[in-house]
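Chain residues, written in single-letter form:
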2 protein chains.
Amino acid sequence: MYIIAVYDVGQKRVGKMLKLCRRYLNWIQNSVFEGEITEVKFKQLKYEARSIMDEEEDSFIIFSSRDEKWLEKEIVGKERGSIDNFL
Amino acid sequence: MYIIAVYDVGQKRVGKMLKLCRRYLNWIQNSVFEGEITEVKFKQLKYEARSIMDEEEDSFIIFSSRDEKWLEKEIVGKERGSIDNFL
């Protein structure tokens, strides 16, 4: 499956969420990631995210599609994630 | 068509981008929006975004799908956009 994941977490947890998402997905912008992922890895990602997050305060939204072909991506302006050297 | 739009713009332009996106889409988290949109409106949105953005610095990423049914959304933690009272 193909997913787009966006987190919005408290400042203290940003670094951990960033590292977590980068282990599973490709960073494309700020707190936005995308990538092909298996169902098992997807479950792991959510499980690990929950262990980092304060679920009363933080939010982690994931859009998923069975196939990348159902999704088109368009970038206006600067393509940030194209050079994968963040952190 | 159904789109997910995420912007990452300089502090000075955040307010304008937020207002712009809210005119066309539903706010779901920080700088993330989603919604059903016509091709014509989608072009307008991108045109207006370009007029606000500094294309050397800012980035606006749009994922689109011909139909919302190809996309599933899952939220871990707090569902922020559910109460649409931001700004």
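Residues numbered from 1 in each chain as written. Chains lettered and ligands numbered in written order. Predicted model: local features only at pLDDT ≥ 70, side-chain atom pairs only at ≥ 80, totals over all residues. Heavy atoms only, no water.

Caption draft 1: The environment of Ile-61 of chain A, seen in detail. Following the sequence through the fold, Ile-61 of chain A ends up in strand β4 (residues 59-65). Given a relative accessible area of 3%, Ile-61 of chain A falls into the buried group. Measuring from C-alpha to C-alpha, the distance between Ile-61 of chain A and Lys-41 of chain A comes to 16 Å, with 20 residues separating the pair along the chain. Here Ile-61 of chain A is in contact with Ile-4, Ala-5 and Val-6 of chain A together with Ile-28, Gln-29, Lys-73, Glu-74 and Ile-75 of chain B, once residues within four sequence places are set aside. (Helix = DSSP H or I, 4+ residues; strand = E, 2+ residues; numbered from the N terminus. Buried < 20%, exposed > 50% of the residue type's maximum accessible area, 1.4 Å probe, protein only. Contact = heavy atoms within 4.5 Å.)

Caption draft 2: Just the UniProt feature "binding site: Mg(2+)" (unreviewed entry) in chain A, in detail. Residues annotated in UniProt with the feature "binding site: Mg(2+)" (unreviewed entry) correspond here to Asp-8 of chain A. Mapped onto the elements, Asp-8 of chain A comes out in strand β1 (residues 2-8). (UniProt positions renumbered as here; feature names shortened; annotations may be inferred.)

Caption draft 3: Molecular detail of the packing of helix α1 (residues 11-24) of chain A against helix α2 (residues 39-52) of chain A. Residue and element names in this part refer to chain A. At a minimum axis separation of 10 Å, α1 and α2 run at an interaxial angle of 170°. With respect to α2, the element α1 is oriented roughly antiparallel. Residue-level inspection shows Arg-13, Lys-16, Met-17, Leu-20, Arg-23 and Tyr-24 of α1 in contact with α2, the latter providing Lys-41, Gln-44, Leu-45, Glu-48, Ala-49 and Ile-52. For the contact of α1 with α2, the residue count by class is six nonpolar, one polar and five charged. (Axes fitted to C-alpha atoms, helices over the stretch in contact; angles between N-to-C directions. Parallel < 35°, antiparallel > 145°, perpendicular 65-115°, else oblique. Nonpolar A, V, L, I, M, F, W, Y, C, P; charged D, E, K, R; others polar.)

Caption draft 4: Structural context of the sheet that holds β4 of chain A. Pairing within the open sheet is antiparallel, and its five strands lie in the order β2(A)-β3(A)-β1(A)-β4(A)-β5(B). At either margin of the open sheet sits one strand with a lone partner, and together these are β2 (26-29) of chain A together with β5 (72-77) of chain B. With strand direction ignored, the average angle separating the axes of adjacent strands in the sheet is 25°. α1 of chain A contacts β1, β2, β3 (32-36) and β4 of chain A of the sheet and is inclined by roughly 175° relative to β1 of chain A. (Pairing = 2+ DSSP bridges.)

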